[in-house]
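# Structure assessment
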Amino acid sequence: MADVLRRAVRATGHTVPITDGAPAGRRLGRLRRRGRRRQSHLLFLLPALAYMVAFFGYPVVKNVVMGFQHYTTTTFYTGRAPWVGFANYRAVISSSVFDKALLNTVLFTVGSIAGQFLVGLAIALFFRRRFPLNGVLRSLLLLPWLVPLIVSSAVWRWILDQDNGVLNRFLGALHLVQDRPGWLTSTSLALFAVIVVNIWIGIPFNVAILYGGLQDIPEELYEAAALDGATGWRAFRHVTWPLLRPVVSVVLVLGVVYTVKVLDVILGLTNGGPANATQTIASQSYQLSFQQFDFGQGAALGNILIVISLVFAVLYLRANRRAVEQ
């Protein structure tokens, strides 16, 4: 039919183009259906997007703005929060506590991450072997991670108590110590004790993630490596570690982002004491905001903590990507 119409038009001398409209109509219908599907997909995403904006985006933006304001309890009544620029940042950085808190944050984060990762990796490698009650023991290992942090802190505070603590009684019964160490009251031992408790809390997370990564490594690779004489440490170095590195990256980045903002453990054990021996940026920010009610300076410290976390995450991921590419 289209050819007949073209010949008729050509005979009359007209140049009106004649095309078959059926394929174009089908294409238009497909485009419309695709557009409706995209709209339906966006509608399903809107609740999640609204939740992210309301409960994550707004608090972050509000905290950044508060860091540049003189925001106190009077602001809740008057609604006035004068703009002070970088005065809050200068005040918290020049504080006598900031250097100590920054050093404690670094020591607490590095010590916790190193302990959690090394112990977690060793336990994950141990559970990779099949033995009776393997699954039961792995389930019980998750208990420290499931218990609320404030409850764990209360239990450990009782264990580490200088006078009636289980640890000092146990060490005294074995005659390993002459006097009772003040694990939470000594300026030289308090930070170490807090790090140990945080390692205990974080081990199950490391075990769960690393064990899942180990399960994805095919057994055939170990069998092939064994034929070449690579067993034990050599198999771990040349087979396990290269294939586990992506999982290790996730564990370390998430561990650092979580650890730098740990607050429950420190508040439950020492509240930043004694003499600021366990004071971190997170605990100092809490004290400024909810004990001294200087929300502007507390928000400034919180923003500094966010920047530190982001810088570490970016630098580590870039370094790990370069190592993988090489």
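Here the residue numbering is sequential within each chain, running from 1 through the sequence in written order. With the structure being a predicted model, the display of local features is reserved for residues of pLDDT at least 70 and the display and counting of side-chain atom pairs for 80 or more, all residues being used for whole-chain, interface and lining totals. Excluded from the side-chain calculations are hydrogens and water; all other atoms, namely the structure's heavy atoms, are used.

## Quick look at the environment of threonine 280
Put simply, the rule is: Helix numbers and strand numbers start at the N terminus; a helix is a DSSP run of H or I with at least 4 residues, a strand a run of E with at least 2. Contacts are residue-level and defined by heavy atoms, with any inter-residue pair within 4.5 Å sufficient.
Following the sequence through the fold, threonine 280 ends up in the loop between helix H13 (264-269) and helix H14 (281-290). Sequence-wise, threonine 280 and leucine 107 are 173 residues apart; in three dimensions their C-alpha atoms are separated by 9.7 Å. Non-local contacts of threonine 280, meaning those with residues more than four positions away in its chain, are made with Ala101, Asn104, Thr105, Val262 and Ile266.

## Overview of unusual backbone geometry
Under the convention used in this document: Any residue under 20% of the maximum accessible area for its type is buried, any over 50% is exposed, and the rest in between are partly exposed; the area is computed with a 1.4 Å probe on protein chains only.
The linkage connecting glycine 273 with the following residue, proline 274, adopts the cis geometry, with an omega of -10 degrees. Position of proline 274 among the secondary structure elements: in the loop between H13 and H14. In this model, histidine 175 sits at a positive phi of 60 degrees, which is unusual for a non-glycine residue. Within the element layout of this structure, histidine 175 appears in the loop between helix H9 (166-173) and helix H10 (190-215). Under the relative-accessibility criterion, histidine 175 is labelled exposed at 69%. One non-glycine residue, phenylalanine 293, lies in the positive phi region at around 60 degrees. Of note, phenylalanine 293 is situated in the loop between H14 and helix H15 (295-325).

## Here we look at a positive patch on the surface
How we decide: Patch rule: a residue counts if its relative accessible area is over 30% and it has no salt bridge; like charges are joined within 9 Å, and nonpolar side chains (Val, Leu, Ile, Met, Phe, Trp, Tyr) within 5 Å. A 1.4 Å probe and the Shrake-Rupley method give the accessible areas. Residues count as covered only by the protein chains that appear here. A side-chain nitrogen of Lys or Arg and a carboxyl oxygen of Asp or Glu constitute a salt bridge if their distance falls within 4 Å. In this tally Asp and Glu are treated as negative and Lys and Arg as positive; neither His nor the chain ends contributes. Lysine's charge is taken at NZ, arginine's at CZ, aspartate's at CG and glutamate's at CD.
Together, Arg26, Arg27, Arg30, Arg32, Arg33, Arg34, Arg36, Arg37 and Arg38 make up a positively charged patch on the protein surface. Tracing the backbone through its elements, the reader meets arginine 30 in helix H2 (residues 21-66).

## Details of the environment of valine 61
Locating valine 61 in the fold gives a position in helix H2. By relative accessible area, valine 61 is classed as exposed at 52%. The spacing of valine 61 and isoleucine 113 is 52 residues in sequence and 29 Å in space, taken between C-alpha atoms.

## Brief notes about the layout of surface pockets
Under the convention used in this document: Cavities and pockets are defined on a 1 Å grid built over the protein atoms alone: a cavity is a set of grid points where a 1.4 Å probe fits but cannot escape, while a pocket is an open set with protein on both sides within 12 Å along at least five of seven lines, and lining residues are those with an atom within 4 Å of any such point. Grid points are joined across faces, edges and corners, and a volume is the space filled by probe spheres set on the points. Gly falls in the polar group here, along with every residue not listed as nonpolar (Ala, Val, Leu, Ile, Met, Phe, Trp, Tyr, Cys, Pro) or charged (Asp, Glu, Lys, Arg).
There is about 610 Å³ of room inside the largest pocket. Looking at the largest pocket, it is lined by 24 residues, and the ones nearest its centre are Lys261, Ser285, Gly302, Leu305 and Ile306. When contributions to the lining of the largest pocket are tallied by element, the ones reaching two or more residues are H2, H14 and H15. When residues in the lining of the largest pocket are grouped by element, the largest group, nine residues, is from H15. Grouping the amino acids of the lining of the largest pocket by side-chain chemistry returns 16 nonpolar, six polar and two charged. Leu125, Phe126, Arg128, Arg129, Tyr222, Ala226, Ala230, Thr231, Gly232, Ala235, Phe236 and Thr240 are the residues that line the second largest pocket. Looking at the lining of the second largest pocket, the elements with two or more residues in it are helix H5 (98-127), helix H11 (219-227) and helix H12 (233-259). Ranked by residue count, the leading element in the lining of the second largest pocket is H12, at three residues. A class-by-class count of the residues in the lining of the second largest pocket yields seven nonpolar, three polar and two charged.

## A look at the packing of aromatic side chains
The test is simple: Only Phe, Tyr and Trp rings take part, Trp by its six-membered ring, and two of them pair if their centres are within 6.5 Å. Stacked means planes under 30 degrees apart, edge-to-face means over 60, and tilted covers everything else.
By the definition in use, this model includes 20 aromatic pairs. Aromatic side chains tyrosine 51 and phenylalanine 55 sit 4.9 Å apart centroid to centroid with 35 degrees between the ring planes, which places their arrangement in the tilted category. Highlighted residues: tyrosine 51 and phenylalanine 55, both in helix H2, separated by four residues, approximately one helical turn. What makes tyrosine 51 partly exposed here is its relative accessible area of 45%. Between phenylalanine 290 and phenylalanine 295, the ring centres sit 6.1 Å apart and the planes meet at 80 degrees, which makes this aromatic pair edge-to-face. Through successive ring pairs, a cluster of aromatic residues spans Tyr71, Phe76, Tyr286, Phe290, Phe293 and Phe295.

## With respect to the nonpolar core
Cut-off, in case you're wondering: As used here, the term nonpolar core means buried Ala, Val, Leu, Ile, Met, Phe, Trp, Tyr and Cys residues forming a set that is joined through side-chain atoms within 4.5 Å.
Counting residues in hydrophobic clusters, the biggest one holds 33 residues, and the most contacted among them are Phe117, Leu210 and Leu301. Elements supplying a minimum of two residues to this core: helix H4 (87-93), H5, H10, H11, H12, H14 and H15. Those residues in contact with phenylalanine 117, other than ones at most four positions away along the chain, are Asn206, Leu210, Trp241, Val248, Val251 and Leu252. Counting residues in hydrophobic clusters, the runner-up holds 20 residues, among them Trp183, Leu184, Ile199 and Val262.

## Here's the deal with the environment of valine 248
Here valine 248 shows up in helix H12. On the accessibility criterion, valine 248 (4% relative accessible area) is buried. Discounting residues that sit within four places of it in the chain, valine 248 has contacts with Phe117, Leu210, Trp241 and Tyr316.

## Here's the deal with a nonpolar patch on the surface
Together, Leu133, Val136, Leu137, Leu140, Leu143 and Leu146 make up a nonpolar patch on the protein surface, roughly 580 Å² of accessible area in all. Looking at where leucine 143 falls in the secondary structure, it is placed in helix H7 (residues 143-146). A relative accessible area of 44% places leucine 143 in the partly exposed class.

## So, the side chain of serine 309
Here is the rule we go by: Here a polar contact means two N or O atoms within 3.5 Å. Within protein one must be a hydrogen donor candidate and the other an acceptor candidate, and residues neighboring in sequence count only if both atoms are side-chain atoms.
Within the fold, serine 309 resides in helix H15. Among the polar contacts made by the side chain of serine 309, one reaches the main-chain carbonyl oxygen of leucine 305 at a distance of 3.0 Å.

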